[in-house]
Amino acid sequence: MPEFLDEDTSPSIDVNLERPIGKKAAKKRKRQESTSSDIIDLVLQISEKRDKKDAKKEEYKKEFICLTKERLELDKQKEVNEIMRIDFSTLSPMQQEYFRSLQLEILEKKRCTKQ
């Protein structure tokens, strides 16, 4: 008759009752993991591209604003030059007075900016 061992003296045996993963399940799990990591990589790439695009757009906007300001300044200077070159001999007295006052304003502004 076999001898029964006490539970205290029996060697500890680690029993794993789960079945191992089959080939098809392992392949399926691997595909899902690689697919999800590929999707994450794609999302990150798209996000980086969008950030770069937004930065370029912002840079172009700033450049456009600077060019627009320069153009406005040039147009203003062109107008000032035209006013300063007016020949008063062909104008009526009222027009002469108007353009003289404009010329005086221009000269005053120039004097103020030089100081």
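The structure this text deals with has already been given above.
A few points on the structure. Just so you know, these numbers come straight off a predicted model, no measurement behind them. (Residues numbered from 1 in each chain as written. Predicted model: local features only at pLDDT ≥ 70, side-chain atom pairs only at ≥ 80, totals over all residues. Heavy atoms only, no water.)

1. Considerations on the overall build of the chain
Each helix and strand counted, the chain has 2 helices and 0 strands in total. The buried share among the 115 residues of the chain stands at 6%. By element, 56% of the accessible surface of the chain is carried by carbon and sulfur atoms, the whole surface being about 12000 Å². (Helix = DSSP H or I, 4+ residues; strand = E, 2+ residues; numbered from the N terminus. Buried < 20%, exposed > 50% of the residue type's maximum accessible area, 1.4 Å probe, protein only. Areas by Shrake-Rupley, 256 points an atom, 1.4 Å probe, with all protein chains shown as cover.)

2. Digging into the packing of helix H1 (residues 23–84) against helix H2 (residues 93–114)
Viewed as axis vectors pointing N to C, H1 and H2 meet at an angle of 125 degrees, and their least axial separation amounts to 9 Å. Considering the angle they form, H1 stands oblique to H2. Two packed elements cross with a definite hand, and for H1 against H2 that hand is left-handed. Counting all contacts with H1, which are made through Gln77, Val80, Ile83 and Met84, the residues of H2 involved are Phe99, Leu102, Gln103, Ile106, Leu107 and Lys110. (Axes fitted to C-alpha atoms, helices over the stretch in contact; angles between N-to-C directions. Parallel < 35°, antiparallel > 145°, perpendicular 65-115°, else oblique. Left-handed = near helix turned anticlockwise from the far one by under 90°. Contact = heavy atoms within 4.5 Å.)

3. Description of a negative patch on the surface
A surface patch of like charges, here negative, comprises Glu48, Asp51, Asp54 and Glu58. Mapped onto the elements, glutamate 48 comes out in helix H1. (Patch = residues over 30% accessible without salt bridge, like charges linked within 9 Å, V, L, I, M, F, W, Y side chains within 5 Å. Salt bridge = Lys/Arg side-chain N within 4 Å of Asp/Glu carboxyl O. Lys, Arg positive; Asp, Glu negative; His and termini not counted. Charge placed at Lys NZ, Arg CZ, Asp CG, Glu CD.)

4. Overview of the packing of aromatic side chains
By the definition in use, this model includes 1 aromatic pair. Taken together, a centroid distance of 5.1 Å and an interplanar angle of 75 degrees make the contact between tyrosine 98 and phenylalanine 99 edge-to-face. Stacked on the ring of phenylalanine 88, the Lys or Arg arginine 100 has its end atom at 4.7 Å from the ring centre. (Phe/Tyr/Trp six-rings, centres within 6.5 Å; stacked < 30°, edge-to-face > 60°. Lys NZ or Arg CZ within 6 Å of the ring centre and 35° of its normal.)

5. Side note on a nonpolar patch on the surface
Residues Met84, Leu104 and Leu107 make up a contiguous nonpolar surface patch of about 250 Å² in total accessible area. Assignment of secondary structure puts methionine 84 in helix H1.

Keep in mind these values describe shape, not function.
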